[in-house]
Amino acid sequence: MAQDPWLSEWEQRVWRTFFRMQARLRLHIEQKLQAEGLSNADYSVLVALADIQGHRLRTFELARALDWEKSRLHHHLTRMAKRGLISRAYDPQPDDPRAVCVSLTESGRAALEAAAPAHASHVRRWVIDNLTPAQLRQLEEISQAVLDALEDERPRASTPATVVPPGP
């Protein structure tokens, strides 16, 4: 049985409120990070590298961690490297002889350390302090449910076709 694709008035209101909240929150966070000299994208890359042992990831791992397309990541990493926030180096691997690793530089670490306290303060002020512990748990559960549904839709890496020799 096909479900009605249209949203009810209430569902539309919920969706639009969520959408406005998300857009406004991103705008506010972006503006505050820019005051610290970073974009939200810069901050996301720096956090991903800082959170990993060795502060170094292959570009495809970083793209997966950020849910970014290869082209977007390449262009953004080029800008970050020019500013000295990250470095890139070839790291040939048996499965990928052209592999490139991205590393957090001292300048990148310093920029992250300078921006992180204000960022955490803003997240606390705009989100955490406005919700009860029960609402925070609900927000986590809701966010995870949506992420799980999106993961089910995520394109999978293509695998090479298996060549089957013709039968006798």
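Within each chain, residues carry numbers counting from 1 in the order of the written sequence. pLDDT decides what is reported in this predicted model: residues at 70 or higher carry local features, side-chain atom pairs at 80 or more are listed and counted, and totals for whole chains, interfaces and linings draw on all residues regardless. To get the side-chain values, all heavy atoms of the structure are used, and hydrogens and water are removed first.

Colleague: Give a detailed account of the sheet that holds strand β3 (residues 100-104), specifying residues and quantitative values.
Modeller: Strand pairing in a sheet relies on backbone hydrogen bonds, with the paired strands running either antiparallel or parallel. Taken in spatial order, the three strands line up as β1-β3-β2 in an open sheet, and their pairing is antiparallel. The outermost strands of the open sheet, each flanked by one partner alone, are β1 (56-58) and β2 (86-90). Pairs of neighbouring strands in the sheet enclose a mean axial angle of 25°, with direction left out of account. Across five bridges, β2 lies against β3 in antiparallel orientation. Among the inter-strand pairings, S87 is bridged to a residue of β3, identified as S103. Against the sheet, helix α3 (residues 59-66) engages β1 and β3, with an angle of about 95° to β1. We treat two strands as partners when DSSP finds at least two bridges between them. The secondary structure listing takes helices from DSSP runs of H or I that are at least 4 residues long and strands from runs of E that are at least 2 residues long, numbered from the N terminus. Every axis corresponds to a line fitted to the C-alpha atoms, with the helix fit spanning only the stretch in contact, and the corresponding angles, defined between N-to-C directions, vary from 0 to 180 degrees. Should any heavy atoms of two residues lie within 4.5 Å, those residues are counted as being in contact.

Colleague: Give me the environment of R79: which residues, what numbers.
Modeller: Of note, R79 is situated in helix α4 (residues 70-82). In this structure the C-alpha to C-alpha distance between R79 and L25, which are 54 residues apart in sequence, comes to 25 Å.

Colleague: How would you sum up the packing of aromatic side chains? Please name residues and give values.
Modeller: Aromatic pairs are defined between Phe, Tyr and Trp rings, using the six-membered ring for Trp, whenever the two ring centres lie within 6.5 Å; interplanar angles under 30 degrees are classed as stacked, those over 60 as edge-to-face, and all others as tilted. Considering all chains together, one arrives at two aromatic pairs under this definition. Both rings, one in W15 and one in F18, keep their centres 5.7 Å apart while their planes meet at 40°; by these two values the pair is tilted. Here W15 and its partner F18 are both found in helix α1 (residues 9-35), three residues apart, which amounts to about one turn of the helix. Residue exposure (1.4 Å probe, protein chains only): buried if accessible area is under 20% of the type maximum, exposed if over 50%, otherwise partly exposed. The exposure class of W15 is partly exposed, given its relative accessible area of 43%. Judged by relative accessible area, which is 38%, F18 ranks as partly exposed. Charge-over-ring contacts are defined here by two conditions on Lys NZ or Arg CZ: a distance within 6 Å of the ring centre and an angle within 35 degrees of the ring normal. The cationic tip of R72 hangs over the ring face of W68; the distance from NZ or CZ to the ring centre is 3.9 Å.

Colleague: If you had to explain the side chain of S103 to someone new, which residues and values would you point to?
Modeller: Looking at the secondary structure, you find S103 in strand β3. Once you skip the residues sitting within four places of it in the chain, S103 turns out to touch L49, H55, R56, L85, I86 and S87.

Colleague: With reference to specific residues and values, describe the nonpolar core.
Modeller: Within this scheme, the nonpolar core is defined by two criteria: the residues are buried Ala, Val, Leu, Ile, Met, Phe, Trp, Tyr or Cys, and they are joined through side-chain atoms within 4.5 Å. Ranked by size, the top nonpolar core spans 24 residues in total, and within it V45, L46, L62 and I86 carry the most contacts. Contributions of two or more residues to this core are made by α1, α2 (40-50), α3, α4, β3 and α5 (106-126). Considering each element in turn, this core owes the most residues, six residues, to α2.

Colleague: Requested: an account of the pairing of β3, with residues and values cited.
Modeller: Summarising burial for β3: four of the five residues are buried, a large majority. As paired strands, β1 and β3 are joined by three bridges and run antiparallel to one another. Its bridge partner being in β3, L57 is matched across the sheet by V102.

Colleague: Outline α5, listing residues and values.
Modeller: What a helix should span is 1.5 Å times the count of its residues minus one. Taking 1.5 Å as the rise per residue, α5 with 21 residues should run 30 Å; its terminal C-alpha atoms sit 30 Å apart, in good agreement. Its maximal kink placed at A116, α5 deviates by approximately 35°, while the proline P117 follows within four residues. Looking only at α5, the buried set comprises G108, A111, L112, A115, H119 and H122. A residue's bend is given by the angle between axes fitted to the 7 residues ending at it and the 7 residues starting at it.

Colleague: Please set out the pattern of salt bridges residue by residue, giving values where relevant.
Modeller: Take a side-chain nitrogen of Lys or Arg and a carboxyl oxygen of Asp or Glu: if they are within 4 Å of each other, that pair is a salt bridge. A full pass over the atoms with the stated rule returns four salt bridges. A salt bridge links R109 to E106; the nearest nitrogen and oxygen atoms lie 3.9 Å apart. Residue R109 and its partner E106 are located together in helix α5, separated by three residues, close to a single helical turn. The residue D129 makes a salt bridge to R124 at a minimum N-O spacing of 3.4 Å. Take D129: its relative accessible area is 51%, and that puts it in the exposed class.

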